[in-house]
Amino acid sequence: MSGEEKEKNKILHVANISTAATRDHIYNMFNYLGKIQDLKVYPSEGNITASTHLKTAFIKFEDERCAEVGQHLTNTVLIDRAIVCLPYPNQLIPDEETFFNSGGSTTAGQRQLPPHVTNKIVELEDGSAVLITVDPTLEQLGLPAYPSLPPDTDSAKVEEIRRTVYVGNLPKGIDGKEVLDVFNMYFGEVMYVRMASGPDALPCSYAYVEFSQQASVSNALQNDGFEFKERPLKIQHSRVAIIKPQAKTDEQALGEVEEAIRMGRNADERDRRRSRSPRRRRSPSPRRRRDSRDRDRDRDRDRDRERRRSRDRRSRSRDRDRDRDRKRSRSRDRKRRSRSRDKDRDRKRSRSRDRRRRSKSRDRKRDKSRSRSRDRKREKRRSRSRSTDRKRDREDRKGEKKENENETMLREKLLEKKAARKDSSDDEWEEKPPPAPNGGVKQEVDERIGNGDSISALV
């Protein structure tokens, strides 16, 4: 359902209101259904004239279900008239001038189809005519169209039939309250239910269900085959309207009010008689006996009337209790659904959290294993580099040691050669200056090594 349709359902149109009823009377009567956003009563106090016989009210609720339940107050007596409660098809309350100029006062109290649903009379090939109702919503949803009706069918009766569906394949002996509760819960607000068992040979029962809103019919038709008591229900358009109890006329409503006033006076008189001091009794005369019989008859009639009223009150209280139970059951169902949704969300969140934790733990393990493998590789590289450094140090030490040894050997050989030369050529040494000490030999060796001569070449 679109947002516009939801807005429409929030407004209740109340017609046939007594001119003696004030705005406070109407507000207090409908306020117990739910919170009222706006209330308009036409004609207003300043526009009431001697020719004004009725009032009309428009009530906008916060919750659209309050407007649906308020339709059940139709035929309730307010002061001296039985009111009529209908859904208002538009989404805004009209102002007083627009309401009266559009002829709203003449059509007040009459139900009408939504603006997009139209009736038209079509002539057939054989010369006969039929009444057809066109609903674009049914065509868009691919649902069957409304069945044709006789062309002289009353418009109010057509509107009732278009809000009614036929329900077949019900179990034998099913209680009407169960059917009412199921359709109220899943398809839309129900105004009336008529149960029919059919002949004994028929294996199932059937019923007619009248909704408070024409839009609920498409919801019901979309659920054709709905499982109920292990049976698939057969839901179709109805060709007839449900026969209902007759609405109270203004005279009947006024008679009820007068009877209630009379009963109150009789009760006051009885209380006064009881409060008086007792008198001395006399023997009853024949005339007094007749009067006592008449009083007994009046008393019996009053009791019967009181019983009838108490039954009516009980039936009204039962209807109110049913409405309250429906509201409670719907609120419970919504709470259960919201709880189940919350549980599903919590489960999904917990699963996603567990997945994240597992993935994080896996990532940590992978990181740890990678860091360990990296550390091992680094240790191996370090150990290899240390071993190579040690080998190089050893080789360098060995090379230095060998060079030192070779250098000492070279020096010794040079000294020996020098000594041998000295012994063989004393004459030459006398003419030349004296030789340098051993430090000179060493200096010569160092100079030759510095010039790039190898130790083996020197030797």
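Each remark here, short or long, concerns the structure printed above.
Reading the values: the criteria
Residues numbered from 1 in each chain as written. Predicted model: local features only at pLDDT ≥ 70, side-chain atom pairs only at ≥ 80, totals over all residues. Heavy atoms only, no water. Helix = DSSP H or I, 4+ residues; strand = E, 2+ residues; numbered from the N terminus. Buried < 20%, exposed > 50% of the residue type's maximum accessible area, 1.4 Å probe, protein only. Contact = heavy atoms within 4.5 Å. Pairing = 2+ DSSP bridges. Axes fitted to C-alpha atoms, helices over the stretch in contact; angles between N-to-C directions. Salt bridge = Lys/Arg side-chain N within 4 Å of Asp/Glu carboxyl O. Core = buried A, V, L, I, M, F, W, Y, C linked by side-chain atoms within 4.5 Å. Patch = residues over 30% accessible without salt bridge, like charges linked within 9 Å, V, L, I, M, F, W, Y side chains within 5 Å. Areas by Shrake-Rupley, 256 points an atom, 1.4 Å probe, with all protein chains shown as cover. Lys, Arg positive; Asp, Glu negative; His and termini not counted. Charge placed at Lys NZ, Arg CZ, Asp CG, Glu CD. Phe/Tyr/Trp six-rings, centres within 6.5 Å; stacked < 30°, edge-to-face > 60°.

S.K.: Tell me about the overall build of the protein chain, and please be specific about residues and values.
M.R.: Summing up its helical and strand segments, the protein chain has 14 helices and 14 strands in all. Across the 459 residues of the protein chain, 27% fall into the buried class. For the protein chain, the proportion of contacts with a sequence separation of at least 24, taken over those separated by at least 6, is 70%.

S.K.: Which residues make up the sheet that holds strand β14 (residues 234–237), and what values do they have?
M.R.: Pairing between sheet strands relies on hydrogen bonds along the backbone, with the strands arranged either parallel or antiparallel. As summarised here, the arrangement of the four strands in space is β10-β11-β9-β14, forming an open sheet in which the pairing is antiparallel. The strands lining the two open edges of the sheet, one partner per strand, are β10 (190–196) and β14. Adjacent strand axes in the sheet meet at a mean angle of 20° when their direction is disregarded. Pairing analysis gives five bridges linking strand β9 (residues 164–170) to strand β11 (residues 205–211), with the strands arranged antiparallel. Considered in β11, the bridge of V167 is made with A207. Its contacts with the sheet put helix α8 (residues 176–186) on β9, β10, β11 and β14, and the angle it makes with β10 is roughly 140°.

S.K.: I'd like a rundown of the pattern of salt bridges, residues and numbers included.
M.R.: Within this structure, the stated rule accounts for 23 salt bridges. Across the pair E62 and K35 runs a salt bridge, and its minimum N-O distance is 3.8 Å. Here E62, found in the loop between β3 (54–61) and α3 (64–70), pairs with K35, found in the loop between α2 (23–31) and β2 (36–42); they are 27 residues apart in sequence, far enough to count as distant. The closest approach of N and O atoms between R378 and D375, which form a salt bridge, is 3.2 Å. Remark: D375 and R378 occur in helix α11 (residues 286–424); sequence separation between them is three residues, near one turn of the helix. You can call R378 partly exposed: its relative accessible area is 40%.

S.K.: Give a detailed account of the side chain of K10, specifying residues and quantitative values.
M.R.: The residue K10 is located in the loop between α1 (3–8) and β1 (11–18) in this model. What makes K10 buried here is its relative accessible area of 17%. In this structure K10 touches I59, K60, F61, E62, D63, E64 and A67, once residues within four positions along its chain are discounted.

S.K.: Give me the lowdown on the environment of P87, citing residues and values where you can.
M.R.: Summarising the element assignment, P87 is placed in strand β6 (residues 84–87). By relative accessible area, which is 22% here, P87 ends up partly exposed. Measuring from C-alpha to C-alpha, the distance between P87 and I11 comes to 6.3 Å, with 76 residues separating the pair along the chain.

S.K.: Describe the nonpolar core, with residues and values.
M.R.: Membership of the largest hydrophobic core comes to 22 residues, with the highest contact counts inside it found for L170, F183, V209, F211 and I235. Those elements that place two or more of their residues in this core are β9, α8, β11 and α9 (216–222). Looking at this core element by element, the count peaks at four residues for α8. In this structure F183 touches V167, G188, V190, V209, F211, L233 and I235, once residues within four positions along its chain are discounted.

S.K.: An account of the sheet that holds β6 is needed here, citing residue identities and associated values.
M.R.: The strand order across the open sheet built from four strands is β2-β3-β1-β6, with neighbouring strands paired in antiparallel fashion. Each edge of the sheet is formed by a strand with only one pairing partner; in this case those strands are β2 and β6. Across the sheet, the mean angle separating the axes of adjacent strands is 20° when strand polarity is ignored. Summarising the sheet, β1 and β3 pair through six bridges and their orientation is antiparallel. Looking at β3, one finds that L12 is bridged to I59.

S.K.: Got a sec to walk through the pairing of β11? Specific residues and values, please.
M.R.: It is a general feature of regular strands that their side chains alternate between the two faces of the sheet. Most of β11 sits out of view: six of its seven residues are buried. Summarising the sheet, β10 and β11 pair through six bridges and their orientation is antiparallel. Bridged to V193 within β11 is V209.

S.K.: So what's going on with α8? Residues and values would help.
M.R.: Here α8 has its buried residues at G176, V179, L180, V182, F183 and N184. Phi turns positive, to about 160°, at G188, one or two residues after α8.

S.K.: Before we move on, can you summarise unusual backbone geometry with the specific residues and values?
M.R.: A cis amide bond links Y42 to the next residue, P43, at an omega of -10°. As for its position among the elements, P43 is in the loop between β2 and β3. The backbone of N169 shows a phi angle near 65°, a positive value even though the residue is not glycine. Examined against the element boundaries, N169 turns out to sit in strand β9. Relative accessible area serves as the criterion here: at 25%, N169 is assigned to the partly exposed category. Backbone geometry places K229, a non-glycine residue, at a positive phi of 55°. Tracing the backbone shows K229 in the loop between β12 (227–228) and β13 (231–232).

S.K.: Describe the environment of N119, with residues and values.
M.R.: Mapped onto the elements, N119 comes out in strand β7 (residues 118–123). For N119, a relative accessible area of 37% puts it in the partly exposed group. Residues contacting N119, with those up to four places away along its chain left out, are L113, L131, I132, T133 and V158.

S.K.: Describe a negative patch on the surface, with residues and values.
M.R.: A surface patch of negative charge is lined by D393, E395, D396, E400 and E403. Here D393 shows up in helix α11. By relative accessible area, D393 is classed as partly exposed at 38%.

S.K.: Would you mind going over the packing of aromatic side chains in detail, with residue names and values included?
M.R.: The tally for this structure, following the rule as stated, stands at twelve aromatic pairs. Taking the centre distance of 6.5 Å and the plane angle of 55° together, the rings of Y186 and F187 count as tilted. Given a relative accessible area of 47%, Y186 falls into the partly exposed group. On the accessibility criterion, F187 (4% relative accessible area) is buried. Residues F187 and F226 carry aromatic rings whose centres are separated by 5.5 Å and whose planes lie at 75° to one another, so their mutual orientation is edge-to-face. One end of the pair, F187, is in the loop between α8 and β10; the other, F226, is in the loop between α9 and β12, and 39 residues separate them in sequence. A network of ring pairs unites the aromatic residues F183, Y186, F187, F211 and F226 as a single cluster.

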